[in-house]
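Single-letter residue listing:
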Amino acid sequence: MQINIYKDKLLGAHLFGASVLYSTKPIPREDVPQSWYCYDLRGTARHPDEPHALVDKAEENHFGSILSYLPLKNRRSQFRLVKNMFQMTGTSPTLAEFCAEEKIRCPETPIRHLLRPASPEDAGLLYEFFKSQGTVVINEAADFAGTNGCYLYQGRDVQERKNKHLKDQILVVAPSEGLVSADVWLRCRKKLMANTTFQNGRKAKNTWLAGKVKCGRCGYALMSVGNPSGVQYLRCSKRADNKSCPGCGTLRTREFERFIYGEMVKKLAQFQTLTGKREKVNPKLTALNVELARVEDEIEKLLNTLTEASAVLISYANTKIEELDAQRQTLSKEIAALSAETMSPEQIERLSVYLNRWEEIDFDDRRQVADGLISQIRATGECVAIEWKI
Ligand SMILES: [Zn+2]
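Residues numbered from 1 in each chain as written. Predicted model: local features only at pLDDT ≥ 70, side-chain atom pairs only at ≥ 80, totals over all residues.

Colleague: Looking at this structure, how should I read the nonpolar core?
Modeller: One broad trend across soluble globular proteins is that nonpolar side chains are buried collectively. Formed by 40 residues in total, the largest nonpolar core has its most connected members in Leu-125, Leu-126, Phe-130, Leu-222, Leu-234, Cys-248 and Leu-373. Ranked by residue count, the leading element in this core is helix 2 (residues 120-132), at five residues. Looking at which domains feed residues into this core, each of domain 2 (120-197) and domain 3 (232-388) gives three or more. In contact with Leu-234, not counting residues within four places along its chain, are Val-213, Leu-222, Ser-224, Cys-248, Leu-251, Thr-253 and Phe-256. Grouped together as the second largest cluster of nonpolar side chains are 19 residues, Val-20, Ala-53, Phe-86 and Phe-98 included. (Core = buried A, V, L, I, M, F, W, Y, C linked by C-beta atoms within 7 Å. Buried ≥ 20, exposed ≤ 12 C-beta atoms within 10 Å, placed from the backbone. Helix = DSSP H or I, 4+ residues; strand = E, 2+ residues; numbered from the N terminus. Domains from an automatic or database assignment. Contact = placed C-beta atoms within 7 Å.)

Following this line, the structure appears as structure tokens:
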């Protein structure tokens, strides 16, 4: 365990005549308050338990760490011999008590050390994330209320390490408050997992619209996420990732599904009166579909590089994605126009049978119907645009 210098008690000491704080545990350098100094005391190989020299960082024979508001060593020299200039005072003040005693301003606790319970929405994301990774989640979604932390245990018979693979590892809500917000945790975890999350291959199960519906603001996929009370909402995956999109507004998954279902029924009704041509293969349509698949593939690849990319690359990728998306839209429209002509009465009949038996057909069939009719949906809480295939 590392020491938390903003919370834990340290030990009072004098070093080279200055009042300092001493800790036997290493002090994380990123915690050191601005304009303060942190050093290590180093023993020798022969006497590791005696402070021999003051160094910036002891790689071996670490005797303790020193926190000081005064510089105690020339920055350019590697060490300063302690001789007998180190004495413990026998006190164990906190940083705040030490500052009060020394009559100096106490450094503020940096944000990262505050307890930051995740918001209930974020907690839902966490639950969804682990589920999507195949983790065994012991608690119900409702237990992810956004206050408590989680424990991740190595699952039995799981070979892979838990910081790489979450499948079959075990997640339990901890009895204590969480330290890191779900949002920050997820961002780090996704980076750690080399960006393999939310990729195409995973089987959608929350909504038959998965993969079809995009954020009306940024164009990233919307994913269906349950809030702790079990209601599913569509949420922008870019917003979930890094908050750089304002989000799609309030879209309840079930309501949205019903709306799209209604639109599909209406759309198909227009076509049932038409008689399609019995043309089996339309070479132009095939060519367009191949081109569309290529463009979509390219967009997907670019999106997948973004998490780890530098700012320059991101701005390049964004421009490129906009170009590709414009191409994609043009292609979709051409395909829609052609498909309407080529869709056979049998196909239309089959789709309408499915739509009539909507409540009975299973999830995969619903996905196929949606896929047969719709190339893409862009949605926000205020506005829905459906790109039809027919
Ligand atoms: Zn968005």
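More follows now that the structure is in view.
Colleague: I keep staring at the sheet that holds strand 7 (residues 86-88) and nothing clicks. Help me out?
Modeller: Strand order in the open sheet formed by seven strands is 6-4-3-5-2-1-7, with antiparallel pairing between adjacent strands. At either end of the open sheet lies a strand with only one pairing partner, and these are strand 6 (79-81) and strand 7. Strand-to-strand twist across the sheet, computed as the mean angle between neighbouring axes with direction ignored, equals 35 degrees. (Pairing = 2+ DSSP bridges. Axes fitted to C-alpha atoms, helices over the stretch in contact; angles between N-to-C directions.)

Colleague: Explain the pairing of strand 5 (residues 62-68) here, please?
Modeller: Among the seven residues that make up strand 5, six are buried, leaving the element largely enclosed by the rest of the structure. Across three bridges, strand 2 (residues 18-23) lies against strand 5 in antiparallel orientation. Bridge pairing in strand 5 links Leu-21 to Leu-67. The pairing of strand 3 (residues 37-42) with strand 5 spans six bridges and is antiparallel. Across the sheet, Tyr-37 pairs through a bridge with Ser-68, a residue of strand 5.

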